Amino acid sequence: MKFGGTSVADEKCIRQVVDILEGHHSAGAELAVVVSAMSGITDQLHAIAEEVVDSRGEPPVDTFIEALRTRHLRVLDQVAGDDADEVRELIDTRLDNLRNILNAVHTLRELTPRSRDYVISFGERLSAIIVSAALRERGIRSVAMDGCEAGMVTSSIHGGSQVLPESATHIRSRIEPLLPDTVPVVMGYMGCTKQGVLTTLGRSGSDYSAAVVGAAINADEIWIWTDVDGVMTADPRIIHDARVLPSVSYLEAMELSYFGAKVLHPRSIEPAMQKDIPVRVKHTFNPNHPGSLVVQGEQRDHRVVKAISYIERVSLITIAGAQMIGRPGVARAIFSSLADRDVNIMMISQGSSEANISLIVDDDHLDRALEALGDVQKAGLIRDVTHDRGVIAAAVVGSGMAGTPGISGRIFTAMGRARINVMMISQGSSEVNVSFVVRREDGPAALRVLHDEFRLSEDCDDDA
Ligand code: ADP
Ligand code: ASP
Ligand code: MG
């Protein structure tokens, strides 16, 4: 069971988490728990790291540490009473450590990917020991473990590491022996390289941690406890009448999360899918709601389109040049140059004349992508490279779309009626998704139009 940031945000939330765990524990379930940092803490850690490295004067390190201490100790006092002296000391030690690192970053004026990872992992380091103490307070045996202690061995790409397959054996050997009588509380979002260097798994990475742990121990189910009732037809913050989907397929969940549905981390499905373990998404503060079940298979209901999601902070790059026509090797030159600079390409489309290729990349990768394409341009293989930062990529997702004619027609007719200009279109060969790009300011309207077109707010008893 994984609990996200809003589920462990304060003492009231942690009590609720412990109620849930106690209920399952006393019903005889063996539980492994993964927790995120308290909500807002990872953002604050990112911000302070950037602030101390840039700051010319004295950076507010002490004030920051004091605020973290106050928030965490207050919660600890409320959920673990007087027996938590050791945990109180541990929080102090960890915060002293964090203060020293931040001061060192400031003195050196250097924030490496490695030191940033170390700093931003502190939220989970603090929350997990509190949740574990709260369980012990209820008489449940529990230990807190960091990602490395739990056996999470990762690649060395800081800020977005991948968990390596060999982790499974380590995780199993460290967690399984505990399960019969102890609830391990694993710090999500982090692991370490084979050399023992701490890494993080990318924002929202605790879902990924949970899936890796669940798969390693062959869990019956992986439960993601969050602040919504399940996977919904769209982000409820934008589409207020979005509906909970009782079941979605692994593939649908992957497409949705890849295209920005924050409720699940894009990498959290694969470990579950490999072992065919169902993933259940549930609301910590509405635990009687059945939530959504993510499982193998098509999960067709009568609807062909099930949900819509979108990613902001992406850029559209258009590569043009007659040199490309009929000339083999140009695409290879483009993509290997981009790969050499670690540019992650999120969408690709190529015009049939072969004269144009459009790409979507994360905003953070845009500068590197333009440098890479500059090289290809110098080699005379392409003519023009233009880019546009102000776009979003959206995806319409549903297994039933495969082989159903007319879906793209409906999507783009609806967009046309709403006078929304579509800048790029791409459809995966799995036909589980049709994705497209519009201007950023058109994003919410595009979502609304499609949610209405496919009648996603309505209960599904006819074929919309
Ligand atoms: P946690 O802190 O529990 O990991 P997140 O904030 O990472 O929670 O993810 C939950 C949020 O994901 C929801 O509050 C919701 O706004 C957002 N979200 C985006 N798309 C969807 C979707 N399709 N279904 C459900 N939630 C979504
Ligand atoms: N605390 C991390 C984040 O905010 C990881 C997570 O919450 O899943 O991104
Ligand atoms: Mg999350």
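Provided above is the structure to which this section pertains.
These numbers come from a predicted model, not from an experiment.

Student: Account for the overall build of the chain, with residues named and values stated.
Tutor: Counting its secondary structure elements, the chain contains 14 helices and 16 strands. The C-alpha radius of gyration computed for the chain amounts to 24 Å, which stays within 12% of the reference 23 Å derived for 464 residues, consistent with globular compactness. C-alpha atoms of the chain, sized along the principal axes, occupy 70 × 60 × 40 Å. For the chain, with 464 residues in total, the buried portion stands at 53%. Considering only contacts in the chain between residues 6 or more positions apart, those separated by 24 or more positions represent 75%. Of the roughly 20,000 Å² of accessible surface on the chain, 48% is carried by carbon and sulfur atoms. Averaging the positions of the 46 positive and the 64 negative side-chain charges in the chain gives two centres separated by 3 Å.

Student: Quick rundown of the pattern of salt bridges? Include the residues and the values.
Tutor: Overall, the coordinates contain 30 salt bridges when judged by the stated rule. The closest approach of N and O atoms between arginine 99 and aspartate 62, which form a salt bridge, is 2.7 Å. You can see arginine 99 sitting in helix H4 (residues 85–108) and its partner aspartate 62 sitting in helix H3 (residues 61–80), a full 37 residues away along the chain. On the basis of relative accessible area, aspartate 62 is assigned to the partly exposed category, the value being 48%. Within this structure, Arg341, Glu371, Asp375 and Lys378 form a network of salt bridges that share partners.

Student: How would you sum up the site of ligand 1? Please name residues and give values.
Tutor: Near ligand 1, the surroundings consist of 18 residues, among which Thr226, Asp227, Met232, Asp235 and Arg237 are the closest. Arginine 237 is positioned with one of its side-chain polar atoms (N or O) 2.8 Å from an oxygen atom of ligand 1. In isolation ligand 1 has 570 Å² of accessible area, and contact with the protein removes 92% of it. Tallied by class, the residues present in the shell around ligand 1 amount to 8 nonpolar, 5 polar and 5 charged.

Student: Can you lay out the sheet that holds strand E7 (residues 222–226) for me, pointing to particular residues and giving the numbers?
Tutor: The strand order across the open sheet built from 8 strands is E3-E4-E2-E1-E7-E9-E10-E8, with neighbouring strands paired in mixed fashion. A strand with exactly one partner marks an edge of an open sheet, and here the two such strands are strand E3 (142–145) and strand E8 (247–249). Here 3 bridges tie strand E2 (residues 33–35) to strand E4 (residues 183–187), and the two strands are oriented parallel to one another. Within E4, the residue paired with valine 34 across the bridge is valine 186.

What counts, and at which threshold
Residues numbered from 1 in each chain as written. Chains lettered and ligands numbered in written order. Predicted model: local features only at pLDDT ≥ 70, side-chain atom pairs only at ≥ 80, totals over all residues. Heavy atoms only, no water. Helix = DSSP H or I, 4+ residues; strand = E, 2+ residues; numbered from the N terminus. Rg over C-alpha atoms; globule rule 2.2 N^0.38 Å. Buried < 20%, exposed > 50% of the residue type's maximum accessible area, 1.4 Å probe, protein only. Contact = heavy atoms within 4.5 Å. Areas by Shrake-Rupley, 256 points an atom, 1.4 Å probe, with all protein chains shown as cover. Lys, Arg positive; Asp, Glu negative; His and termini not counted. Charge placed at Lys NZ, Arg CZ, Asp CG, Glu CD. Salt bridge = Lys/Arg side-chain N within 4 Å of Asp/Glu carboxyl O. Near = heavy atom within 4 Å. Polar contact = N/O pair within 3.5 Å; in protein donor to acceptor, adjacent residues only side chain to side chain. Nonpolar A, V, L, I, M, F, W, Y, C, P; charged D, E, K, R; others polar. Pairing = 2+ DSSP bridges.

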